Every structure is written in C-alpha cells, then in structure tokens.
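Examination of the molecular architecture
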Amino acid sequence: MPHNGQPITLSINTLSDKGDGIANWHERKVFVPAALPGEQVTVSLHGIKPKYAQAELLSIDQAHPQRVEPHCSYTECGGCQLSHLAYAEQLKLKQQQVIDALQRKGISNPVESCLGMSEPLAFRNKAVYAVRSENGEPQIGFYRKNSHQVIDIAACPVQHSQTTEIIAAIRQWMKDLHIAGYDEANHTGCLRYVMIRHGFKTNACMVVLVTLTDELPGEAELLQYLTAGGNIDSVIHNINPERVNRILGSQQRVCYGAEAIEDELHGLTFSISAHSFYQVNPQQTDQLYATALQFAELKGDETVFDIYCGIGTISLYLAQEASKVIGIEVVSQAIEDARSNAKRNQLDNTEFYVGKAEEVVPALYAQGLRADVVVVDPPRKGCELAVLNTMAAMTPERIVYVSCDPDSLARDLAVLQQAGYTITKVQPVDMFPHSMHVETVVQLIRS
C-alpha cells in the first residue's frame, strides 16, 4: 500500500461539505482540496488514518468540463471553496445538494433551480480580518483553512471594493507607528481584528478595530489615514482582552462618527451596529426574503409568527402585508434592534419576545396566541422538536421554512409532513457564491 508522500492517481466522486473532492482508496475516503467530481487527479497522501486520508493535489490529469481559473490567488484561505468551478455549474451543484438531502429523508418534491447572482463578486457587506505581526510586518487577512495561521491578503474580490483601500490604510498606519498585531500564542500585542461593514444602498461605512489593549495607540493618526479617502461614517474601538475565539469584546467606544450605520432593504431602513446580525449579501437577502414573503401568501388579516427572527428583517418584510407579526429570538440585543427597526419603519403591528424558541413558542401558545402563518429561520442545527410540535399544534395554514442547512431542513420537513403538512415549493437561493453554502425557502400547506 502506498505510504505518506507517495504520489497516486485517484478518481474524484463527490465533494465534502468543505468543498474538497472525495475519492475512495483502500476503503478510505481521501479528501483532495480544489478537486472536482469526475476528475482524474494525481495526489500526494499525508495524514493517512484507518478511515480517511488527506491529500495534496499535484496535477489534474482529466479536468471537469466546467473547471475555470479561480478569481482570486489566495485559494488557501478556504473562503471561496468553489472558485475553480463555473458559476452556473455552482448553482446546479447547490440545487443538487438540496435534492440529495431531501431524498435521503424520503422527500421527492421537485426543487427549483438555485437563484443566483448576475455578478457574483464584491457582494459582501461585512468583512472580518485577523491581524498578526511577522518579523515586525503587519499581517492582515484571513485564516488559512483549518488553522489560525493568517494569510496576508491585499485584496479580496468578494468584498466591497472600498475594503481594499481601508485595509491598505490600516496596514500603513501599523507600519508607520509600529503597531503590533496580536500574538495568539503569548496573548500579547495590540490589534486583533478589523471588521468593516457597509450599507450597500446607503453607501455608509463602519470600521471596527478590535484590540487586546484598553488603549488604541496612534488613534488620531489612524483617523487621518482612514478618513483621507472620505466615505467613512463610523470608527469604533472595541476591546477584547480575553483568550477566546470570539471576535468582539463587550467594551467599545466611538472614535469617529456614529455608533451605527444604516442600510435599506425592500424599502425598509435598518440600523447596523458593530454587534448587529445582518445578512452579508444584501442583494441575495432581498431575493431570499422576497421569496419567503411570496410563499407566505399574505392577504392582510393574518397573525404571523417569525421564529428565530434576529433583528427582525423578515418580520418587517411580513409586517408590511400582515395584520400582526410576532418575532421570537434568543439574543436580547437582536430583539432590541428589531424593536428599534420596527419603530424606525413605523411598523407598529409587531411584537418581539426574547428567549429560546423551544420555550417561548409553547408559552405563547399556552397563553392562547395562534398563528395563521409561521415563518421559521433557524440556525444550522435546525428547529428543536418542541418548536416543530408547537408549530403543528397551532395548525397555521402555511409554514415558510428558511434554511441554511439542507440536512437539518430535510429532517425537520419530515417531521412537519408527519404532522399533516404538505411541501408545495422548494426554492434554493445562493447567498454565498463560490462556497458550498446554500439557503433554501420551503412552503408547506396544512393538508
């Protein structure tokens, strides 16, 4: 049997959830980065285990017909897992992901073609860069795949175009004033992360600098570097002194401009702070939520439950066409944002509750509240069984399930089918081009 480092030829069968090609070899799964199904490749094995092995791609001997040159040279960051596959083919792959997940649960409903972007670059309105120092030079970029090693990145094609200018300014400031990046091993240094947020419709821009230290050295000079090019609306200094992977700390202050910026979606205005959850692809967010609104088929007299409502983005879409919308979310700051956003948009037919969905939804039901339509947008793990059971007990006419994970979606749809609901529409939406991620909106009707 070949040993570590020895080249072998493999046939790629499928992709992992991380976008690696998977081949079979001596009863093991071999994971090959940047390989595509149907390709013949020569690889060097390493990390051989009883059930799997990792591989380094040495050559592509027979290429996928839709293989393309990646749009970015920093392929080792792992963010754009499918950048070597033509975009139209990416959309077909994502549609198939949903089909396969449903079929594994015995669900054979037709799945619509994945809704993609006309221009799948420069779509992100939020970027988080890790910061380190190496030989006195700043390293600002993203983590290498499966590691905490920072890849120094000058430009990222999927980020807002202004991001490149901002990172260049911060890099120059660090060099000129000898600002140290974070040393993770020794828990020393100064600058840990840079977060940049944009309002795509408003063109507003926020820069958040996360430091280990209480002070932000060279602050006046930094503001000069950042504002020289104009169009900076907010600069926030966030302090995170803990040995944690969490990016933002609990303390922060405004160095320049406002504490939050605004953006617009579907005619609604949203306030975005450093801590706010807000979908990172606004163009596709509009498609996703417009699809959810379409599937809700509101006539104007309905009470709608929006479970896992976040900052109320879907809730406010729904509130424009429903009698009443009740939102539930476990994160208290998100509920504060939701209430503020409802007030900002003069939508007083909304109520928001803080707490775990599996506790709050049954409690509201026990108090006599009922939903004519339920919209649910859970985290990747899907819904707790208590949420699904209470949804079914309310007997809403329609359920709209917005999912970010096809497997948990399929599991929960099987439960709702058993509870008397029929799946009528399945629409994938591409929120993260060039990644393996796919969102799906499903309409269910009470049988």
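Preceding this paragraph is the structure being described.
Position numbers for residues count from 1 along each chain, tracking the sequence in the order it is written. Reporting in this predicted model follows two pLDDT cut-offs: at least 70 for local features of residues, and 80 or more for side-chain atom pairs to be given and counted; totals over whole chains, interfaces and linings ignore these cut-offs and use all residues. Computation of side-chain values covers all heavy atoms of the structure but excludes hydrogens and water.

Notes on the sheet that holds strand β11 (residues 205-211)
The following threshold applies: Any two strands are treated as partners once DSSP identifies two or more bridges connecting them. Comment: elements are numbered from the N terminus, with helices defined as DSSP H or I runs of at least four residues and strands as E runs of at least two. Axes here mean lines fitted to C-alpha atoms, for a helix over just the part in contact, with angles spanning 0 to 180 degrees between N-to-C directions. By the convention used here, residues are in contact when the closest approach between their heavy atoms is within 4.5 Å.
One open sheet holds the seven strands; their spatial order is β9-β8-β7-β10-β11-β12-β13, and the pairing between them is mixed. Either end of the sheet is taken by a strand with one partner, and the two such strands are β9 (150-152) and β13 (251-257). On average, adjacent strands in this sheet sit at an angle of 30° to one another, irrespective of strand direction. The pairing of β11 with strand β12 (residues 234-239) spans six bridges and is classified as parallel. Among the inter-strand pairings, Val207 is bridged to a residue of β12, identified as Val235. Contacting β7 (126-134), β8 (137-143), β9, β10 (191-198) and β11, helix α2 (residues 161-177) crosses the sheet at an angle of about 155° to β10. Packing against the sheet, helix α3 (residues 219-227) makes contact with β11, β12 and β13, and its axis sits at approximately 55° to β13.

A word on helix α7 (residues 357-366)
Here is the rule: Accessible area is worked out with a 1.4 Å probe on protein chains only. A residue is then buried under 20% of its type maximum, exposed over 50%, and partly exposed in between. The arc in question is formed by the directions pointing from the helix axis toward the C-beta atoms.
Those residues of α7 that sit buried are Ala357, Val360, Val361 and Leu364. The arc that holds every buried residue of α7, seen down its axis, measures 95°, which confines them to one face. In this structure, α7 carries Glu359 and Ala366 as exposed residues pointing more than 90 degrees from its buried face. Of the surrounding elements, those touching the buried residues of α7 are β16 (303-307), β17 (324-329), β18 (350-354) and α8 (385-394). A positive backbone phi angle near 105° is found at Gly368, which sits one or two residues after α7.

Description of the packing of α7 against α8
To be explicit about the condition: Should an angle lie under 35 degrees it is considered roughly parallel, over 145 roughly antiparallel, and from 65 to 115 roughly perpendicular; all remaining angles are considered oblique. The handedness criterion is simple: a crossing whose near helix is rotated anticlockwise from the far helix by less than a right angle is left-handed, and one whose near helix is rotated clockwise is right-handed.
The contact between α7 and α8 brings their axes to 8 Å, and the two run at 25°. In terms of axis orientation, α7 runs roughly parallel to α8. Relative to α8, the crossing made by α7 is left-handed. Residue-level inspection shows Ala357, Glu358, Val361, Pro362 and Tyr365 of α7 in contact with α8, the latter providing Ala386, Val387, Thr390, Ala393 and Met394.

Thoughts on the pairing of β16
Cut-off, in case you're wondering: Convention used here: a crossover is right-handed provided that the path from the first strand, over the helix, to the second strand proceeds clockwise when the strands point away from the viewer.
Across the five residues that make up β16, a large majority, five, are buried. Side chains Thr303, Phe305 and Ile307 of β16 all project onto a buried face; the interleaved residues Val304 and Asp306 project onto the opposite face, where all are buried too. Sheet topology note: the β16/β17 ladder contains five bridges and is parallel. Along β17, the bridge assignment pairs Phe305 with Ile326. Each parallel crossover has a hand, and the one from β16 via helix α5 (residues 313-319) to β17 is right-handed.

Some thoughts on the side chain of Glu39
Rules: Whenever a nitrogen or oxygen atom comes within 3.5 Å of another N or O atom, the pair is scored as a polar contact, on the condition that within protein one atom can donate a hydrogen and the other can accept it, and that pairs from neighbouring residues in sequence are kept only if both atoms are in side chains.
Secondary-structure assignment places Glu39 in the loop between β4 (28-32) and β5 (40-46). Here Leu36 takes part through its backbone nitrogen, which lies 2.9 Å from a polar atom of the side chain of Glu39. In contact with Glu39, not counting residues within four places along its chain, are Leu10, Ser11, Ile12, Ala34, Ile60, Gln62, Ala63, His64 and Arg67.

Brief notes about the packing of aromatic side chains
Keep this limit in mind: Any Phe, Tyr or Trp ring, taking Trp's six-membered ring, that has another such ring centre within 6.5 Å forms a pair; planes under 30 degrees apart are called stacked, those over 60 apart edge-to-face, and the others tilted.
Applying the stated rule across the entire model yields three aromatic pairs. On the basis of an interplanar angle of 85° and a centroid distance of 5.4 Å, the ring pair of Tyr289 and Tyr317 is categorised as edge-to-face. With Tyr289 in helix α4 (residues 282-296) and Tyr317 in helix α5, this residue pair connects regions lying 28 residues apart in the sequence. Comparing Tyr289 with Tyr317 shows no difference in burial state: the two are buried.

Re the pairing of β11
Of all seven residues making up β11, seven are buried, and the element is well covered by its neighbours. Of the two faces of β11, the one carrying Cys205, Val207, Leu209 and Thr211 and the one carrying Met206, Val208 and Val210 are both buried. Here seven bridges tie β10 to β11, and the two strands are oriented antiparallel to one another. Paired with Val194 across the two strands is Leu209, which belongs to β11. Counting the residues that bridge the hairpin from β10 to β11 gives six residues, and of these Asn203 lies at a positive phi of roughly 65°.

Overview of the pattern of salt bridges
Convention followed: For this document, the term salt bridge refers to a Lys or Arg side-chain nitrogen within 4 Å of an Asp or Glu carboxyl oxygen.
Tallying each qualifying case throughout the model produces 19 salt bridges. Residue Asp407 pairs with Arg104 through a salt bridge whose shortest N-O separation is 2.8 Å. Remark: Arg104 occurs in helix α1 (residues 87-104) and Asp407 occurs in helix α9 (residues 406-418); sequence separation between them is 303 residues. Residue class for Arg104 comes out exposed when judged on its relative accessible area of 58%. Between Arg344 and Glu262 there is a salt bridge; the shortest N-O distance is 3.3 Å. In this pair, Arg344 sits in helix α6 (residues 332-344) while Glu262 sits in strand β14 (residues 260-265), placing the two residues 82 residues apart along the sequence. With relative accessibility at 33%, the residue Arg344 sits in the partly exposed group. Taking the relative accessible area as the measure of exposure, Glu262 reaches 37% and is therefore partly exposed.

Structural notes on the packing of α2 against α3
Contact pair α2 / α3: the axes reach a minimum separation of 9 Å and the direction vectors enclose 150°. Considering their axes alone, α2 and α3 lie roughly antiparallel with respect to each other. Between α2 and α3 the crossing geometry is right-handed. Judged by residue contacts, Ile166, Ala169, Ile170, Gln172, Trp173, Asp176 and Leu177 of α2 engage Glu221, Leu222, Tyr225 and Leu226 from α3.

Description of the sheet that holds strand β2 (residues 14-15)
The strands making up a sheet associate through backbone hydrogen bonding, with each pair oriented either parallel or antiparallel. The six strands lie next to each other as β1-β5-β6-β4-β3-β2, forming an open sheet whose pairing is mixed. Of all the strands in the sheet, just β1 (7-11) and β2 have a single pairing partner and so form its edges.

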